[in-house]
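Results of the structural survey
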Amino acid sequence: MKRFLSILMILAMVVTLAACAQTPTTTAPTTTQAPTTTQTPTTTTEPEPTYDFGGMTVRLAWGWAPRFTEPGEDKDRFDARVAEVEEKLNIKFEWVQVDAGEFWDNMVTNTLAGKSPGTVNFTFPWVFPDWVKAGLPADINIVAKRVGLDMSDKSWDPLARIAGTYDDKLYCFDKFALEVNGGFIFNKRLIEEAGLVSPYEHVKNGTWNWDTLKDYAKKLTKVGADGATTQWGLTAMNQQTLADLLILSNGADLVDTSSGTPK
């Protein structure tokens, strides 16, 4: 019975509250207030950080010709910017063009012999682990800490940081940039002659994937009577880059770092 009474009491309270809400009330006359002025909040600009590299000379080495070598407006702007940065950071830059074959093939032996071409050397994911195993790269964190650089800042490429970190030591860096510097192109005529659907249609229908690419590569490959391949269904300017893309886009890693040392 108590339970039932409780329910009734709740209903009575609800009815009472509803009745009170319907009771007419008098409204006090409104008064006009003077308009208020809205003050625009002031924004403070963070001062640009300053760094001092102590007059360090940095030699940048890669197997391509440096940019802006021909006299002209672009070279003038580039040289002016370099001079500005050198003065601001108390640093000196030198560009070293090296023979690509010698650079990649003999980096370990040349560096161990005291013939490293640069202070900063351009590298690829499939080359770099051998440099680490040989103990060639220096820990960037040491220099960064000395001059006050935050290498975890979002302006640095996180992929380069992840790929270049071994045993809590950072050996690689790159500036973050949203860009597409690779992709697939296809021969429309060969696709049509093979009776295959255009890759554009597969993309539109959401069916362009690695299985479809594999199927197309097989169907577009032709072999002569002597067993020699006369038409390749899939190729690349750089086979290693293609292999990297296939591995990374399928959730695998190029290098096994589970033990801390690249394998």
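Details of the structure are given in the entry above.
Presented here is a report on the structure given in the accompanying data block. What you see is a predicted model; the values in this text were computed from it and never measured.

1. Section: the pattern of salt bridges
- Across all of its chains, the model carries eight salt bridges by this definition.
- Here Arg 59 and Glu 94 are joined by a salt bridge, their closest N and O atoms 3.6 Å apart. Here Glu 94 lies in strand S2 (residues 91–97) and Arg 59 lies in strand S1 (residues 56–62), a separation of 35 residues in the sequence.
- On the basis of relative accessibility, which here comes to 34%, the residue Glu 94 falls in the partly exposed class.

2. Description of the sheet that holds S1
- Strand order across the open sheet formed by three strands is S2-S1-S3, with parallel pairing between neighbours. Edge positions in the sheet fall to S2 and strand S3 (120–121), since each of these pairs with one other strand and no more.
- Of the pairings in the sheet, the one linking S1 to S3 comprises two bridges and is parallel in character. Bridge assignment links Leu 60 to a residue of S3, and that residue is Val 120.

3. Some remarks on the packing of aromatic side chains
- Tallying each qualifying case throughout the model produces 10 aromatic pairs.
- When the ring of Phe 128 is compared with that of Tyr 171, the centres are 6.5 Å apart and the planes differ by 55°; the resulting orientation is tilted. One end of the pair, Phe 128, is in helix H5 (residues 128–133); the other, Tyr 171, is in the loop between strand S5 (169–170) and helix H8 (188–193), and 43 residues separate them in sequence. Comparing Phe 128 with Tyr 171 shows no difference in burial state: the two are buried.
- Here the aromatic residues Phe 78, Phe 93 and Trp 95 are joined through ring pairs into a cluster of three or more.
- The side chain of Lys 175 reaches across the aromatic face of Trp 156, ending 4.1 Å from its centre.

4. Looking at the pairing of S1
- Looking at chain direction, S1 and S2 are connected through seven bridges and run parallel. Bridged to Thr 57 within S2 is Lys 92.

5. Examining empty space enclosed by the protein
- This model, assessed by the stated rule, comprises one cavity of 30 Å³ or more.
- In terms of lining residues, the largest cavity is bounded by Met 151, Trp 156, Asp 157, Ala 160, Arg 161, Leu 170, Cys 172, Phe 173 and Asp 174.
- A per-class count over the lining of the largest cavity returns six nonpolar, no polar and three charged.

Reading guide: rules and limits
Residues numbered from 1 in each chain as written. Predicted model: local features only at pLDDT ≥ 70, side-chain atom pairs only at ≥ 80, totals over all residues. Heavy atoms only, no water. Salt bridge = Lys/Arg side-chain N within 4 Å of Asp/Glu carboxyl O. Helix = DSSP H or I, 4+ residues; strand = E, 2+ residues; numbered from the N terminus. Buried < 20%, exposed > 50% of the residue type's maximum accessible area, 1.4 Å probe, protein only. Pairing = 2+ DSSP bridges. Phe/Tyr/Trp six-rings, centres within 6.5 Å; stacked < 30°, edge-to-face > 60°. Lys NZ or Arg CZ within 6 Å of the ring centre and 35° of its normal. 1 Å grid on protein atoms, 1.4 Å probe; cavity = no way out; pocket = protein on both sides within 12 Å on 5 of 7 lines; lining within 4 Å. Points joined across faces, edges and corners; volume = space filled by probe spheres on them. Nonpolar A, V, L, I, M, F, W, Y, C, P; charged D, E, K, R; others polar.

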